[in-house]
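Here are the chains, one letter per residue:
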Amino acid sequence: MMENYLSAYRYLNLTRDAQGVLVVQLHDKGGPLIFSAEAHTEVTDAFYRISQDRANKIVILTGAGGDFMIGVDWASFKDVSDPGIWSQILDEGVQVLENIANIRVPVIAAVEGRAHIHSEYALLANVIVAGEGATFQDMGHFAAGVVPGDGIFTTWSYRAGPGRAEAFLLSPTPLPARTAQEWGVVAEVVRDGQALARARELAGHYLKAPEVARRNTRVHFIQPLKERIVREVGYGLSLEGASAADLVKSKHGSR
């Protein structure tokens, strides 16, 4: 049964109310998610199933424990210089963004605290509501010694412009929610702890539109960004994979 996926995941808590509002909470044992290889596989599958399920009328994406996503379990990805391992990372990295982009109902991101890993997931939402203390950062790429090739440049440059995106991805300094709002990335800034509640309010407003209009509006709005994902992310992840292999080589002292 399609509904079985709602309870199928370790790192995603999926809850849907009677109106069809699906809340997707990224978590690790109820606390903030530290992204792992297993989580990478799970989000790819989960967003595919979410995109296929017409019982979902609105999707809200959020985190747990006062954060969106805070770090990476690097060891779980094993030897990223191995072409076979990177092939899976590349496939899932492309597919997860395409799967989020293929969600054909309005998507709202409710961001609290640290959105320091995979903030591109939030930027694939139609609207981002952020807590006052929320910050955006990219700890997983240039700061760690690899190319930001997994779609984070594609999404940030689409939402904020290429100059701001490049400066953001090269900077070690977290970007405050208010600045992200000034850039046009965040739609609303609310009191800390209120982002999810505000997202639910917006969902109730969007549900007043007829279903076909609601679905087709999401399809129309996401199409330009979807086209960029298809064009850019596979190539970007190839560049990221080469840089990851080089980083592993340098750490082994064989450079």
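**Student:** I'm lost on the overall build of the protein chain in this one. Help?
**Tutor:** Helix and strand counts for the protein chain come out as eight helices and 11 strands. Over its C-alpha trace the protein chain gives a radius of gyration of 17 Å, about what one expects of a compact globule, namely 18 Å for 255 residues. The principal-axis extents of the C-alpha atoms in the protein chain amount to approximately 60 × 45 × 35 Å. Looking at the 255 residues of the protein chain, the share that counts as buried comes to 51%. Surface summary for the protein chain: the accessible area is close to 11,400 Å², and the carbon and sulfur share equals 54%. Put simply, the protein chain has 25 plus and 29 minus side-chain charges, and the middle of one group is 5 Å from the middle of the other.

**Student:** Explanation requested: the packing of aromatic side chains in the structure shown.
**Tutor:** To describe a pair of aromatic rings, one takes the distance between the centres and the angle between the planes. By the definition in use, this model includes five aromatic pairs. Taken together, Phe 136, Trp 156, Phe 168 and Trp 183 form an aromatic cluster joined through their ring pairs.

**Student:** Explain the side chain of Glu 120 to me, please; I cannot follow it from the model alone.
**Tutor:** If you trace the backbone, Glu 120 turns up in helix α3 (residues 119-123). Within the buried set, Glu 120 has no salt-bridge partner at all; the shortest N-O distance to an opposite charge, 12 Å, is to Arg 159. Polar side-chain contacts of Glu 120 include one of 2.6 Å to the side chain of His 118. When sequence neighbours within four positions are dropped, the list of residues in contact with Glu 120 reads Leu 97, Asp 150, Gly 151, Ile 152 and Thr 155.

**Student:** Mind showing me how you'd approach the nonpolar core here?
**Tutor:** As a rule of thumb, nonpolar side chains are buried together in soluble globular proteins. With 67 residues, the main nonpolar core has Val 111, Tyr 121 and Trp 156 as its most contacted residues. No other element matches the eight residues that helix α2 (residues 83-101) contributes to this core. Excluding residues within four positions of it along the chain, Val 111 makes contact with Phe 68, Ala 122, Ile 128, Val 129, Ala 130, Gly 131, Ala 134, Phe 136 and Ala 195. Residues Val 23, Ile 58, Val 127 and Ala 199 belong to the second largest nonpolar core, which totals 13 residues.

**Student:** Hey, could you run me through the sheet that holds strand β1 (residues 12-16) in this one?
**Tutor:** As a general point, the strands of a sheet are linked pairwise by backbone hydrogen bonds and lie either parallel or antiparallel. Pairing within the open sheet is mixed, and its six strands lie in the order β1-β2-β4-β6-β8-β11. Lying at the two open borders of the sheet, with one neighbouring strand each, are β1 and β11 (188-190). In this sheet, adjacent strand axes meet at a mean angle of 20° when their direction is disregarded. Summarising the sheet, strand β6 (residues 107-111) and strand β8 (residues 127-131) pair through four bridges and their orientation is parallel. Among the inter-strand pairings, Val 111 is bridged to a residue of β8, identified as Ala 130. Sheet contacts for helix α7 (residues 195-206): β2 (21-26), β4 (58-62), β6, β8 and β11; angle to β6, the most-contacted strand, approximately 165°.

Thresholds, definitions, all that
- Residues numbered from 1 in each chain as written.
- Predicted model: local features only at pLDDT ≥ 70, side-chain atom pairs only at ≥ 80, totals over all residues.
- Heavy atoms only, no water.
- Helix = DSSP H or I, 4+ residues; strand = E, 2+ residues; numbered from the N terminus.
- Rg over C-alpha atoms; globule rule 2.2 N^0.38 Å.
- Buried < 20%, exposed > 50% of the residue type's maximum accessible area, 1.4 Å probe, protein only.
- Areas by Shrake-Rupley, 256 points an atom, 1.4 Å probe, with all protein chains shown as cover.
- Lys, Arg positive; Asp, Glu negative; His and termini not counted.
- Charge placed at Lys NZ, Arg CZ, Asp CG, Glu CD.
- Phe/Tyr/Trp six-rings, centres within 6.5 Å; stacked < 30°, edge-to-face > 60°.
- Salt bridge = Lys/Arg side-chain N within 4 Å of Asp/Glu carboxyl O.
- Polar contact = N/O pair within 3.5 Å; in protein donor to acceptor, adjacent residues only side chain to side chain.
- Contact = heavy atoms within 4.5 Å.
- Core = buried A, V, L, I, M, F, W, Y, C linked by side-chain atoms within 4.5 Å.
- Pairing = 2+ DSSP bridges.
- Axes fitted to C-alpha atoms, helices over the stretch in contact; angles between N-to-C directions.

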